[in-house]
Amino acid sequence: MPSESLTVMPESGCTSRWAATRAGVLLATLVLAVFCLLPSASAEGMPSDSPPAAPVRSLLSAADPLNGGFLLVNMHGMLFHPAPSDLEEDVAYARWLGSGIIRVFATDNNGLLDWDGERVGNRIADVAPSLRAAQVRLIVALVNNHRQVPDDLASNAGWLDDYWQLLLPFYTSNWRGAYLTFVRELITTVQARGAQDIIFAWELGNELHTPAEPAALMTFVVEATAEVRALDASTPILPGTMGANHIEPGNRQSSIARWLYCDAPIDAYTLHAYDFVSRDRPGDMPIDWDLDNITAEPCPDGRSLPVIVEELGTSRALPGVYTADDELDRLQQEMQQIEFVRHFRQVIGFGVWNGESPRVVDQTFADTRRGLSAYGSRAMGGGSCYDPTPDPAPGVRCLFERVLRGVPYVRVDTADRWTPGSWDADVLNPLVGRVDPVSNDSASDGIAITGWVSDPSDPGVPAVDTLDLFLGETPTAETLLATAQLGVPRVDAPAAEDQVGAATAGFVLNLPLSRVPVGTNVLTLAARSTLRGTWQTTLQIVVPKLGPIPALPPKSAPLRVRTVPVAPRPRMEIQSPPPEADVPRHFTVQVLAPGADRIDVFLDPGRDRGGRLAGSASAGRLPGGAFQVPVSASSGPQSIYVHAHYVSGPEDIVTLPLSVG
């Protein structure tokens, strides 16, 4: 979040050491130059001796940047559940986990409902009363990169990097068509229904990127943000991007990513990552590039955007680390990832993937490959503390839920700024210090706050006599929470080569959480020195607000009826083409599935992993449960995924490997 203590200014308006140096980012430089001419970031018309314009600050609240917590829950398909009761269940589950934010997609990637913006906006307004009652708000990603808006041009989406996703023409010009119409309808409908208050942020899209022409993303962000701002000037806007390697593949110090952090008209920098083991094994996205490089330093104009790791999670199995049956090892990897991102003070929160309530009836959006719904038997989200179904008792998912519910979070974005706290403070020789961004649990009802305080004018002697922690911004005897242990060794406290006193400038404070109210709290550290007077700094501690588990609806007494044996349902059979067959790019899949009402065929990597729907066929067109589905696929070896849907009972899925000519 913004830090008022950063005063480093650029040599000239929009230049920095991160300026583009490669010919491949020439367009990035041109777009940046245009952006620098915008009124909000321009010195045009000002006298040459005028100070540079103030940096554009984030609209996220510095006092409460994530709506009362640090956790957001991704429920990508929540808006498309047929039953309103499922939406209410999702809201209740998010509150129970301690999250004040649910992140949803405005286009349906799994159920394939082609709802226009007005219908999606009405669904948001319909669930608004439940969200208000639970004090939960929404991040709405206005398009899913893997599922375009209805009626979009065919040239706007296609197969790229093993996924069906938005292509370059969408970003360079075509987004002003169906996408912009969809966005306008959605936002104005939410406003007309009086539901804008439950929108935490609009997101331009989910995992947007332009790898064939990375700088094209910059123009899209500037222009699309302007369109959203014209509709809603007060709600924060997020980019929904994954990270530097997604924005500009292979460039760990991407000037485009740095532009997004420093100059783009957005309110937070977003990251997504799965299976991050280490900097040497970063999983699907090396977010250490962003945390170590892109966002590690303040911008030339002093701007310092908050960073939200929107999606953070693990696959059900990770080769060389754990298998699908080793759920405890998977849990350990989940916790390791959370601790990794919490080490960076610019990170204000993270999101758990596919966190839908285990009680929802509609399982269309369950991700059996990763996320909370990949835990438990048959990878169907079993073992939850909330409701262990389909498992008989809570399991490892329950342990992970306890981690999410029970970990307090300390934000220290301004804790390097120490200000005079008494009349006798020596303003000519101020104390300096740092509070660590991660606080380790010291007890079941406590948390350890660590850091260092030094006297740079005389680092050879102890800097302070006492260091106390107070609740609130005004230290009093009544608000005293804890007193620090001083003299702790620190290797990172600055000191001259011939002075060793700063090596013991560290401190440890054990804070009883029972003395801190639920929610976001401002704490004040007051350092008292006989020589320098009292100096103080502030930080935040977030104690998650947890909701209850709603009672199950009462079950009516079962009716006694005479049961009639039912013959088992015949399994779906692929009649042609056969497995491993050579087929042309346009071919027909013939299926025998008696009793099925619909057959859907998806391309690699399958429906639940973002694969494109290649064709569908409904029952009744051919006799005897036969179906014919025309399919078009790209050349090369790949698999198709055939789904048979039934009015009642689970669907059948068959994977068919083919060689497409």
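*Asks:* Explain the overall build of the chain to me, please; I cannot follow it from the model alone.
*Replies:* A count of helical and extended segments in the chain gives 11 helices and 29 strands. Taking all 661 residues of the chain together, the buried fraction comes to 54%. Considering only residue pairs separated by 6 or more positions, the chain has 72% of its internal contacts joining residues 24 or more positions apart. Accessible surface, the chain as shown: approximately 28,000 Å² in total, 55% of it carbon and sulfur.

*Asks:* Just checking my understanding: could you explain the packing of aromatic side chains for this structure?
*Replies:* Each aromatic ring pair is specified by the distance between its two centres and by the angle formed by the two planes. Inspection of the entire model under this criterion finds 19 aromatic pairs. In this structure an aromatic cluster arises from ring pairing among Phe170, Tyr171, Trp175, Tyr179 and Phe220. When the ring centre of Tyr386 is taken as origin, the NZ or CZ atom of Arg359, which lies over that ring, is 5.0 Å away.

*Asks:* What's the story with the sheet that holds strand E6 (residues 199-203) in this structure? I'm lost.
*Replies:* Note on sheets: strands pair through backbone hydrogen bonds, and any given pair is parallel or antiparallel. The parallel open sheet is built from eight strands, whose spatial order is E7-E6-E3-E2-E1-E10-E9-E8. Looking along the sheet, the strands with just one partner apiece sit at the ends: strand E7 (237-238) and strand E8 (269-274).

*Asks:* Can you walk me through the environment of Gly100 in this structure?
*Replies:* With respect to the element layout, Gly100 can be found in the loop between helix H2 (84-97) and strand E2 (101-105). Taking the C-alpha atoms as reference points, Gly100 and Lys545, separated by 445 residues in sequence, lie 8.3 Å from one another. In contact with Gly100, not counting residues within four places along its chain, are Asn67, Leu71, Arg95, Gln135, Val136 and Arg137.

*Asks:* How should I be thinking about the state of the cysteines in this particular structure?
*Replies:* Put plainly, a disulfide is one covalent bond tying together the sulfur atoms of two cysteines. Tallying each qualifying case throughout the model produces two disulfides. Across the disulfide, Cys262 is cross-linked to Cys299 (sulfur-sulfur distance 2.2 Å). Here Cys262 and Cys299 share a disulfide; its torsion about the S-S bond, -90°, makes the bridge left-handed. Of this pair, Cys262 sits in helix H8 (residues 255-262) while Cys299 is found in the loop between helix H9 (288-294) and strand E9 (307-313), placing the two residues 37 residues apart along the sequence. Judged on exposure class, the residue Cys262 and its partner Cys299 are both buried. In this model, Cys385 is linked to Cys398 through a disulfide, with the two sulfur atoms separated by 1.8 Å. Judged by the sign of its S-S torsion, about 90°, the cystine formed by Cys385 and Cys398 is right-handed.

*Asks:* Looking at this structure, I do not really get unusual backbone geometry. What am I missing?
*Replies:* Residue Thr389 is joined to Pro390 through a cis peptide bond whose omega torsion reads 10°. Within the fold, Pro390 resides in the loop between strand E10 (347-352) and helix H11 (396-406). Pro605 follows Asp604 through a cis peptide bond whose omega is 5°. Looking at the element boundaries, Pro605 is found in the loop between strand E25 (598-603) and strand E26 (613-618). With phi around 60°, Glu207 is a residue other than glycine that occupies positive phi space. The residue Ala379 is not glycine, and still its phi comes out positive at about 50°. Positionally, Ala379 belongs in the loop between E10 and H11.

*Asks:* Is there a simple way to think about H11 in this case?
*Replies:* One turn of an α-helix holds 3.6 residues; hence residues three or four places apart share an orientation. Of the positions making up H11, those classed as buried are Val396, Arg397, Cys398, Phe400, Glu401, Val403 and Leu404. Those residues of H11 that are buried lie in contact with strand E1 (71-74), H2, helix H10 (327-342) and E10.

*Asks:* Got a minute to help me understand the nonpolar core in this structure?
*Replies:* In globular proteins that are soluble, nonpolar side chains generally tend to be buried together. The biggest cluster of nonpolar side chains holds 100 residues, and the ones touching the most others in it are Ile102, Ile124, Tyr179 and Phe220. The dominant element in this core, judged by the number of residues it contributes, is helix H5 (residues 178-192), at eight residues. Each residue touching Ile124, except ones within four places of it in the same chain, is listed here: Leu79, Leu138, Val140, Leu186, Val190, Ile198 and Ile199. Among the nonpolar cores identified, the runner-up in size contains 29 residues, and Ile447, Val453, Leu467 and Leu525 belong to it.

*Asks:* It is not clear to me how the sheet that holds strand E27 (residues 626-632) should be interpreted in this structure. Could you clarify?
*Replies:* Pairing in this open sheet of three strands is antiparallel, and the strands run E22-E24-E27 from one edge to the other. Each having just a single partner strand, strand E22 (573-576) and E27 make up the two edges of the open sheet. In this sheet, neighbouring strand axes are inclined to one another by 35° on average, regardless of whether the strands run parallel or antiparallel. For strand E24 (residues 586-592) and E27, the ladder comprises seven bridges, and the chain directions are antiparallel. Note that in E27 the partner of Thr588 across the bridge is Pro630.

*Asks:* Looking at this structure, how should I read the side chain of Asp232?
*Replies:* Relative to the helices and strands, Asp232 resides in the loop between helix H6 (216-231) and E7. The side chain of Asp232 is buried and forms no salt bridge, while Arg229, the nearest opposite charge, is found at 6.7 Å. A distance of 2.9 Å separates a polar atom in the side chain of Asp232 from a polar atom in the side chain of Trp202. Residue contacts for Asp232: discarding those within four places in its chain leaves Ile187, Gln191, Gln196 and Trp202.

*Asks:* Where do I start with the pattern of salt bridges in this structure?
*Replies:* Once their charged atoms are close, side chains differing in charge can pair, the charge on each being opposite to the other. A complete count under the given rule lists 27 salt bridges for this structure. For Glu310, the salt bridge is made with Arg103, and the minimal N-O distance between the two is 3.4 Å. Note that Glu310 is positioned in strand E9 and Arg103 in strand E2, a separation of 207 residues in sequence. Owing to a relative accessible area of 0%, Glu310 belongs among the buried residues under this scheme. Residue classification places Arg103 among the buried positions, given a relative accessible area of 0%. Taking the shortest distance from any N to any O, the salt bridge between Arg279 and Asp292 comes out at 2.8 Å.

*Asks:* Whenever I open this one, H8 confuses me. Can you help?
*Replies:* Here H8 lies mainly inside the structure; eight of its eight residues are buried. If you check which residues of H8 are buried, you get Ser255, Ile256, Ala257, Arg258, Trp259, Leu260, Tyr261 and Cys262.

*Asks:* I would appreciate a short explanation of the packing of helix H3 (residues 117-134) against H5 in the present structure.
*Replies:* Each pair of packed helices can be described by the angle between their axes along with the distance between the axes. One way to put it is that H3 packs onto H5 with a least axis distance of 7 Å and a crossing angle of 30°. The orientation of H3 relative to H5 falls into the category roughly parallel. Our pair here, H3 against H5, has a crossing hand that is right-handed. The residues of H5 that touch H3, namely those facing Gly117, Glu118, Val120, Gly121, Asn122 and Ile124, are Phe182, Glu185, Leu186, Thr189 and Val190. The residue makeup of the contact of H3 with H5, split by class, is five nonpolar, four polar and two charged.

Scoring rules and cut-offs
Residues numbered from 1 in each chain as written. Predicted model: local features only at pLDDT ≥ 70, side-chain atom pairs only at ≥ 80, totals over all residues. Heavy atoms only, no water. Helix = DSSP H or I, 4+ residues; strand = E, 2+ residues; numbered from the N terminus. Buried < 20%, exposed > 50% of the residue type's maximum accessible area, 1.4 Å probe, protein only. Contact = heavy atoms within 4.5 Å. Areas by Shrake-Rupley, 256 points an atom, 1.4 Å probe, with all protein chains shown as cover. Phe/Tyr/Trp six-rings, centres within 6.5 Å; stacked < 30°, edge-to-face > 60°. Lys NZ or Arg CZ within 6 Å of the ring centre and 35° of its normal. Pairing = 2+ DSSP bridges. Disulfide = S-S within 2.5 Å. Core = buried A, V, L, I, M, F, W, Y, C linked by side-chain atoms within 4.5 Å. Axes fitted to C-alpha atoms, helices over the stretch in contact; angles between N-to-C directions. Lys, Arg positive; Asp, Glu negative; His and termini not counted. Salt bridge = Lys/Arg side-chain N within 4 Å of Asp/Glu carboxyl O. Polar contact = N/O pair within 3.5 Å; in protein donor to acceptor, adjacent residues only side chain to side chain. Parallel < 35°, antiparallel > 145°, perpendicular 65-115°, else oblique. Left-handed = near helix turned anticlockwise from the far one by under 90°. Nonpolar A, V, L, I, M, F, W, Y, C, P; charged D, E, K, R; others polar.

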